[in-house]
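# An overview of the molecular structure
The chain contents come next:
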Amino acid sequence: MSQSTALQATSNFYGAHAGMRLVRLALGTAQRLWPRLAVRSAYRLFGTPLPLRKSGHRAPPAAGWQAERWPFEDAEITLYTRSDLSADGPVVLLSHGWGGHARHMLPLAEALAARGMRPVLVDLPAHGGSRGRVSNLPQFARAIEYATARLQARGDTLAAVVAHSLAANAAAHAASRGLPAARLVLLAPPASPREYTRLFAQVFGLTETTRAAMERHIEAREGILMPQFEPQAVGPRIALPTLVVHDRGDRINRFDDGEAYRDHIAGAQLLATDGLGHRKLLQDEAVLRAVADFIRKTP
């Protein structure tokens, strides 16, 4: 996928939301007159999941699922489980991407349940039914680490962590730090969070000075540098059997990104798809079957 295609996809994403044109004008004015305000405002916008949620939206992803809410940092994470499944089955944690919610992972959850596994869906901070207004990639990674640690502490055996888009980036970083799971599945992962700050800056007319200052602001607040999330940094430290699923026509995260994870994680498998784009692969029966087969393999 070309840089221009990625830029257009990013522009379309923000352009679909009311008020973004006015936000762009406001940021442009702040850059000229109040540079520090521009950086803080850009940071806030960059960390705000879109579309904005209705206040108090707490509905479970589907009938038969029950919610469990855990306070986390200044927000919370919400886990959804099915009470009708055997408590002895292996657990699979499934995480949505940026701006997503647990329902996006529901088809895969149902496919795993049909194979005797216990899917656990998660709404990450500021997403779905979880409290919070802003979030970011480092917090996603910490939330996944926290969720898996708590599941393990209560006696659950984690067969796998499955994550989509930005959460896949976060899960890979968490796996490089010793995630307590048997397997890892990365669905349409992005390779470079820094590259997305560049696309964001282009869409909103930010100068390189403002973009770089926003990046430094994120890194200083979160205590980690963006390059530490890239495949060449995390891949060599991931010891889990890993499956990467990526569509060749993905307009959000390039197919090259999926290849980068395959190349930097020892023994990783890449399932390439066609015509599914960024999100349809979460519903494709062939993909669901392949993921379930991979998780059910004995190490």
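Now for a quick tour of the structure. (Residues numbered from 1 in each chain as written. Predicted model: local features only at pLDDT ≥ 70, side-chain atom pairs only at ≥ 80, totals over all residues. Heavy atoms only, no water.)

### A short note on helix 4 (residues 106–113)
The test is simple: Using a 1.4 Å probe on the protein chains alone, a residue whose accessible area is under 20% of its type maximum counts as buried, one over 50% counts as exposed, and one in between counts as partly exposed. Numbering goes from the N terminus for both helices and strands, where a helix is a DSSP run of H or I of at least four residues and a strand is a run of E of at least two. It is the directions from the helix axis to the C-beta atoms that the arc portrays.
For helix 4, the full list of buried residues reads Leu106, Leu108, Ala109, Leu112 and Ala113. Buried residues in helix 4, looked at end-on, bunch into an arc of 160°, giving them a common side.

### Some words on the packing of aromatic side chains
Rule in force here: Between 30 and 60 degrees the pair is tilted, below 30 it is stacked and above 60 it is edge-to-face, where a pair is any two Phe, Tyr or Trp rings, Trp via its six-membered ring, whose centres lie within 6.5 Å. Our definition puts a charge over a ring when NZ of Lys or CZ of Arg is within 6 Å of the ring centre and also within 35 degrees of the ring normal.
With the rule as written, the count across this model stands at 6 aromatic pairs. Between Phe72 and Tyr146, the aromatic rings sit 5.3 Å apart at their centres with planes inclined by 40°, giving tilted as the arrangement. With Phe72 in strand 1 (residues 65–72) and Tyr146 in helix 5 (residues 137–153), the pair connects residues that are 74 residues apart, well separated along the chain. Taken together, Phe46, Tyr196, Phe200 and Phe204 form an aromatic cluster joined through their ring pairs. The ring of Trp70 has Arg150 lying over it, and the distance from NZ or CZ to the ring centre is 4.0 Å. One residue, Arg183, lies across the ring of Phe294, its end atom 4.7 Å from the ring centre.

### Observations regarding the nonpolar core
Convention followed: Each nonpolar core is a collection of buried residues, namely Ala, Val, Leu, Ile, Met, Phe, Trp, Tyr and Cys, held together in the definition by side-chain atoms within 4.5 Å. Every residue pair with non-hydrogen atoms within 4.5 Å of one another is taken to be in contact.
Core analysis: the largest hydrophobic core is formed by 41 residues, its most contacted members being Ile77, Ile144, Val161, Leu184, Leu186 and Ile238. Those elements giving two or more residues to this core turn out to be strand 1, strand 2 (75–82), strand 3 (91–95), strand 4 (118–123), helix 5, strand 5 (158–164), helix 6 (166–176) and strand 6 (183–187). No other element matches helix 6, which puts 8 residues into this core. Discounting residues that sit within four places of it in the chain, Ile238 has contacts with Ala172, Ala175, Ser176, Leu184 and Ile265.

### Let's talk about the pairing of strand 6
Operational definition: Between any two strands, pairing holds if DSSP finds at least two bridges. The path from the first strand over the helix to the second decides the hand: if it runs clockwise while the strands point away from the viewer, the crossover is right-handed.
Taking burial as the measure, the 5 residues of strand 6 include 5 buried ones, the bulk of the element. Side chains Arg183, Val185 and Leu187 project from strand 6 onto one buried face, and the interleaved Leu184 and Leu186 project onto a second face that is buried too. The sheet contact formed by strand 5 and strand 6 spans 5 bridges and is parallel. Counterpart to Val161 in the pairing with strand 6 is Leu184. Considered for its hand, the β-α-β crossover made up of strand 5, helix 6 and strand 6 is right-handed. For strand 6 and strand 7 (residues 242–247), the ladder comprises 4 bridges, and the chain directions are parallel. Paired with Leu184 across the strands is Thr242, a residue of strand 7.

### Topic: the sheet that holds strand 3
Across a sheet, strands are paired by hydrogen bonds formed along the backbone, either parallel or antiparallel in direction. Which entries qualify depends on this criterion: Angular values range over 0 to 180 degrees, each being the angle between N-to-C directions of two axes fitted as lines to C-alpha atoms, with helices fitted over their stretch in contact.
The sheet built from 8 strands is open, its strands ordered 1-2-4-3-5-6-7-8 with mixed pairing. On the outer flanks of this sheet lie strand 1 and strand 8 (269–273), each paired with one strand and no other. Neighbouring strand axes in the sheet, compared pairwise and without regard to direction, differ in orientation by 20° on average. Across 3 bridges, strand 2 lies against strand 4 in antiparallel orientation. Bridge pairing in strand 4 links Tyr80 to Leu121. Running over the sheet, helix 5 touches strand 1, strand 2, strand 3 and strand 5 and is turned about 115° from strand 1.

These figures capture arrangement, not role.
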